[in-house]
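Structural overview for review
This is what each chain is made of:
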Amino acid sequence: AIEETSFGAWLRGHQAAWNAIAIAVLFAIGFLLHLAICRVLGAVATRALERAHQTAIADAIRRSKVIPAGASIPPLLLVARLIDLLGDAGVLNLIVARNIANLTLAFAIVRGMVAASRGMAIADELYSSRPEVNRPGALRGYRQVGMVVIAFVGGISAAAIAGGKSPLVFLAALGAVAAGI
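Given 3.6 residues to a turn, an α-helix orients residues that are three or four positions apart in the same direction. For helix α5 (residues 73-88), spanning 16 residues, the distance from its first C-alpha to its last is 23 Å, which sits close to the expected 22 Å at 1.5 Å a residue. Residues of α5 that are buried include every one of Pro75, Leu76, Val79, Ala80, Ile83, Asp84 and Gly87, and no others. Buried residues of α5, seen end-on, are gathered within an arc of 165 degrees and therefore sit on one face of the element. Each element contacted by the buried residues of α5 is listed here: α2 (15-51), α4 (66-71) and α6 (94-128). With its phi angle positive at about 90 degrees, Gly90 sits one or two positions after the end of α5.

In structure tokens form, the structure reads like this:
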């Protein structure tokens, strides 16, 4: 194992370098997993839709880039969980591991918000292209209202998780600060 080499012994003696390299390797693995999911999901989705003669949906999905946004969520969740587990096991510094894991979860929530926005854009594009509607942006108002709700809930959740708190505790703290002002 790497710990038996002189470089491994040096790394274990320098915790900051060990933590940085270990976390960077986990993110690199997550990025490779993201690329694989994008490739497989994109190929499967477009092939299945084209076989079903739904080329308009396949083209809309391809143009909206919803697959890369959605495909980044599982690797981010996996990396966050692995970092948290390595922190609990004592392999990584617990404080560093918890903070990086929380920031990774918050970023996964933001990517989920992006995927939801792009999904709503697909629905708007497909609905607007129907012959009886034939008006670009027919669902724009509904899409904007949906995005405000998603941005509020997702933003509060992401900020709370990044800070290491429950979203309800975070909202209570915001309410207390607002009452104090």
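Let us now look at the side chain of Ser72. Looking at the secondary structure, you find Ser72 in the loop between α4 and α5. Of the polar contacts made by the side chain of Ser72, one reaches the backbone oxygen of Ala69; its length is 2.8 Å. Apart from residues lying up to four places away in sequence, Ser72 is in contact with His34 and Arg111.

Rules and cut-offs
- Counting of residues starts from 1 at the beginning of each chain's written sequence and follows it residue by residue.
- Local features in this predicted model are restricted to residues whose pLDDT is 70 or higher, and side-chain atom pairs enter the listing and the counts only when it is 80 or higher, whereas totals over whole chains, interfaces and linings include all residues.
- Excluding hydrogens and water, the side-chain values take into account all heavy atoms of the structure.
- Runs of E in the DSSP output that reach at least two residues are strands. Runs of H or I that reach at least four are helices, and both are numbered from the N terminus.
- One fewer than the residue count of a helix, multiplied by 1.5 Å, yields its expected span.
- Summary of the burial criterion: residues with accessible area below 20% of their type's maximum are buried, those above 50% are exposed, and those between are partly exposed, where the area comes from a 1.4 Å probe applied to protein chains only.
- The arc under discussion is defined with respect to the helix axis, by the directions toward the C-beta atoms.
- Residue contacts follow a heavy-atom distance rule, with two residues in contact if any of their heavy atoms lie within 4.5 Å.
- Any pair of nitrogen or oxygen atoms within 3.5 Å is treated as a polar contact; in protein, a donor-acceptor pairing is required on top of that, and neighbouring residues in sequence qualify only through side-chain atoms on both sides.

Don't take any of this as a statement about function, it's just geometry.
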